[in-house]
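# Analysis of the macromolecular model
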Amino acid sequence: MDNAIQVHQISKSYGKVVALENVDLNVRRGSVMGLLGPNGAGKTTLVRILTTLLRPSSGSATVLGYDVVRHARHLRSYIGLAGQSAAVDDLLTGRENIHMAGRLYHMPKRQVQKRANELLEQFDLVDAADRSVKGYSGGMRRRLDLAASLVAEPPMIFLDEPTTGLDPRSRLELWDVIRTLVSEGTTVLLTTQYLEEADQLAHEITVIDLGKVIAQGTADELKHQAGSEFIEITVRDTEDTKRAASVLSNYAENNECDIDEENNKTSIMVKDGASIMVQVVRSLDTEDIPVANMAVRQPTLDDVFLAITGRTAEAAATESEQDGN
Amino acid sequence: MNLQPTVNEWRDQPTPPTTPMREAIGSLLYEFRWLASDTAMMTWRNLMHYRRNPETLASTIAGPVMFLLLFNYVFGGAIGAGRDFNYIDYLVPGILIQNNLFTVMNTGIGIAQDLQKGFVDRYRSLPMARSAVLGGRVCATTLVSFASVYWTLAIALIFGMRFHGGLVPALILPLVVAAFCFAFAWVSALVGVSVRNAETASSSTFFVAIPLTFLSSTFVPIETMPGWLQAFAEVNPITHVVNLCRNLAQGGPLESYAWVTAFWIALMVIGIGSLATWRYRRIS
């Protein structure tokens, strides 16, 4: 048994609205699975099913070998959940929040106290530990929420959009914390709308759209599906941009060249970045166009989402919001 | 690297039972085993809220003083005129019940807030007794109202109320009020899990507690009401518990009021309490 999570043909519908449709998912023990999709894709529904908060309409799932419906009570002792709403109590202190969670996992008092100190230290909350959470920043609340969900040292942790709404610095801090967890052997299932986040943290990524799994694989595999690399050339003078674009479009896979006039930047999609780059450089030299910067760029997960669904992640989110209304 | 879940003695047994029947029995035993300590934890949490936010106690503290002064000095003359009792003696047991019913109606508001803020997701993902989330709210408001009984009695004694029924009944009085409040808190809990919205739960105080307390013997003898209203007031449980409290404080027959009150308390705790817990478990 080296899968921490096994999901078999899970569906969930509310009346006529289908939130999840025949989802299959396997997560290896000790790995990080990124569940990626726009708002309203069904990520949270899947997490709620796997954390025993919601019963699936059909299909089955096991987490750490426990059936999420039949053995819900047992399972709850072995998982932690940190949700997007950061369910920490405003009127309690940070320490009291962790303490309460630990006691509700039925840990002995002594052990909770020891563990609370460790976690406050690890999550850089020692100074704020005995202040009420009301005065915490967004980043601190998320860290505390995560700390509380880790109090019982669960071998499996669910993070539902852990960094949504955080400033870039807090996000980086939280990423570090998650990486530490993984290095200690915890299995993580992480949902995110940020393609970069999945790329940074996850060993494997499952892309969900409109309740269905539309792609699965490592970040590299998914990027490979998008198929192409990009060559980006930045010229020194703005008036050269058009000339550069006409040179570049000869090499483009689809004979198209994107022009970003503001930044003097032109870019094309190509199959084999490195070898075409050599030719591009030669041509630019012949045309006597001074170049400020050039790069071969790997496709981002944004490009991947576009390639798989035919729309950007942003457009998909807007769409499902409209569906929701 | 050890990737198997570590088995601590405080975790539930690692191998779940194989038949649905055993699983169901196991769940029930588990619920009973942890009910007391988990409820204590949740009660502590809710009492900490009062401690950190003492202004939420304002109406519990000021309410009885206001009603005592209003009714005794504004209506007291009219209601008490030509009767053989001191109106404040008649009034105080009614105020004890009414004000504390308002206090325990906060149970549902708190539950609705927890549901709205997503706390309940955290609690439901923890291996805690399911009824403790509601039970903690119920116990916290009951404890607050229990303390408030002594506060109200202290004020009433200052304004001239006296006990005429003996020491032991006077000591039993607060316990009766607390027991009835505990039971009524479950009604509020049911409102809270049903409406799931703090504002709606809050307005239910108005629609439930005001008519129930005014259409009873809380402030006036029910003989003064028109016949159809008397009929309602006579079956209203508030009338029975208020009369019981009144006779505990002032002397008088207890038994029939005590039986009816006990019946309503049992009905609210067992019937409404189970219904509220059942609805809470089904929330998704």
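Residues numbered from 1 in each chain as written. Chains lettered and ligands numbered in written order. Predicted model: local features only at pLDDT ≥ 70, side-chain atom pairs only at ≥ 80, totals over all residues.

Turning our eyes to something else, we now look at the overall build of chain B. Scanning chain B from terminus to terminus reveals 11 helices and 0 strands. From first element to last, N terminus to C terminus, chain B shows the α and β order α-α-α-α-α-α-α-α-α-α-α. With the principal axes as the frame, chain B shows a C-alpha extent of 85 × 40 × 35 Å. The buried share of chain B, taken over its 284 residues, is 43%. Nonlocal contacts in chain B, meaning residues at least 24 apart in sequence, comprise 81% of its contacts between residues at least 6 apart. (Helix = DSSP H or I, 4+ residues; strand = E, 2+ residues; numbered from the N terminus. Buried ≥ 20, exposed ≤ 12 C-beta atoms within 10 Å, placed from the backbone. Contact = placed C-beta atoms within 7 Å.)

The next thing to look at is the overall build of chain A. In terms of regular secondary structure, chain A is built from 12 helices and 14 strands. Expressed along its principal axes, the backbone C-alpha trace of chain A runs to roughly 75 × 45 × 40 Å. Taking all 325 residues of chain A together, the buried fraction comes to 47%. A fraction of 68% describes how many contacts in chain A between residues 6 or more apart in sequence connect residues 24 or more apart.

Turning our attention to unusual backbone geometry. A positive phi angle, close to 70°, is found at His-106 of chain A, a residue other than glycine. Accessibility expressed as a C-beta count within 10 Å gives 23 for His-106 of chain A, which makes it buried.

What follows deals with helix α7 (residues 167–195) of chain B. Residues and elements named next belong to chain B. Counted at 1.5 Å a residue, the expected span for α7 with its 29 residues is 42 Å, and the 43 Å between its end C-alpha atoms agrees. A maximum bend of about 25° is found in α7 at Leu-173, where proline Pro-174 lies one to four positions downstream. One or two positions beyond α7, positive phi appears at Arg-196, with a value near 55°. (Expected span 1.5 Å × (residues − 1). Bend = angle between axes of the 7 residues up to and from the residue.)

What follows deals with the sheet that holds strand β12 (residues 258–260) of chain A. All names here are of chain A. Taken together, 4 strands build an open sheet; the order of strands is β12-β13-β11-β14 and the sheet is antiparallel. Only two strands of the sheet have a single partner each, and these edge strands are β12 and β14 (291–297). Mean inter-strand twist for the sheet, computed between neighbouring axes without regard to direction, equals 15°. Bridge count for strand β11 (residues 229–235) against strand β13 (residues 265–270) is 6 bridges, and the pairing is antiparallel. Looking across to β13, one finds that Ile-233 is bridged to Thr-266. Its contacts with the sheet place helix α10 (residues 273–286) against β11, β13 and β14, and it is angled at close to 25° to β11. (Pairing = 2+ DSSP bridges. Axes fitted to C-alpha atoms, helices over the stretch in contact; angles between N-to-C directions.)

Let's shift gears to the sheet that holds strand β3 (residues 32–36) of chain A. All names here are of chain A. Strands sit in the order β6-β7-β8-β3-β9-β10 across an open sheet of 6 strands; the sheet is mixed. Of all the strands in the sheet, the pair left with one neighbour each is β6 (79–82) and β10 (212–217). Sheet twist, expressed as the average angle between the axes of neighbouring strands with direction ignored, equals 15°. Where β6 lies against strand β7 (residues 156–160), 4 bridges are found, and the strand directions are parallel. Residue pairing across strands places Leu-81 opposite Phe-158, the latter belonging to β7. Its contacts with the sheet place helix α5 (residues 138–149) against β6 and β7, and it is angled at close to 165° to β6.

A separate point is the nonpolar core. Core analysis: the biggest nonpolar cluster contains 144 residues, and Val-63 of chain A together with Cys-245 of chain B have the highest contact counts within it. Ranked by residues supplied to this core, first place goes to α7 of chain B with 15 residues. Non-local contacts of Val-63 of chain A, meaning those with residues more than four positions away in its chain, are made with Ala-4, Ile-5, Leu-50, Val-68, Leu-75, Ile-79 and Met-156 of chain A. In terms of nonpolar packing, the next biggest core, distinct from the first, is built from 13 residues, Val-235, Ala-245, Val-247 and Leu-248 of chain A among them. (Core = buried A, V, L, I, M, F, W, Y, C linked by C-beta atoms within 7 Å.)

Contact residues are listed per partner, giving 31 residues for chain B and 33 residues for chain A. Among the secondary structure elements, those contributing two or more residues to the side of chain B that touches chain A are α1 (20–52) and α5 (119–124) of chain B. Split into classes, the residues belonging to the side of chain B that touches chain A amount to 13 nonpolar, 8 polar and 10 charged. (Nonpolar A, V, L, I, M, F, W, Y, C, P; charged D, E, K, R; others polar.)

The subject of this paragraph is the environment of Val-120 of chain B. Residues and elements named next belong to chain B. Tracing the sequence through the fold places Val-120 in helix α5. A count of 20 C-beta atoms within 10 Å places Val-120 in the buried class. Those residues in contact with Val-120, other than ones at most four positions away along the chain, are Asp-114, Leu-115, Val-133 and Ile-283.

This next bit is on the pairing of strand β2 (residues 17–28) of chain A. Residue and element names in this part refer to chain A. Where strand β1 (residues 3–14) and β2 come together, 8 bridges link them in antiparallel fashion. In the strand pairing of β2, Ile-5 is matched with Val-27. The hairpin formed by β1 and β2 contains 2 residues between the paired strands, and Gly-15 there has a positive phi angle of roughly 60°.

Let us look at the packing of helix α3 (residues 87–104) of chain B against helix α6 (residues 132–158) of chain B. All names here are of chain B. With their axes 9 Å apart at the nearest point, α3 and α6 run at an angle of 155° to one another. One finds that α3 runs roughly antiparallel with respect to α6. Of the two elements, α3 crosses α6, and the hand of that crossing is right-handed. Here Ile-88, Val-92, Ile-95, Leu-96, Asn-99, Asn-100, Thr-103 and Val-104 of α3 lie close against α6, whose contacting residues are Thr-141, Thr-142, Val-144, Ser-145, Ser-148, Val-149, Thr-152 and Ala-156. Split by residue class, the contact of α3 with α6 holds 8 nonpolar, 8 polar and no charged. (Parallel < 35°, antiparallel > 145°, perpendicular 65-115°, else oblique. Left-handed = near helix turned anticlockwise from the far one by under 90°.)

Looking at chain A, the domain boundaries give domain 1 (3–224) and domain 2 (228–298). Between the C-alpha centres of domain 1 of chain A and domain 2 of chain A there is a distance of 42 Å. (Domains from an automatic or database assignment.)

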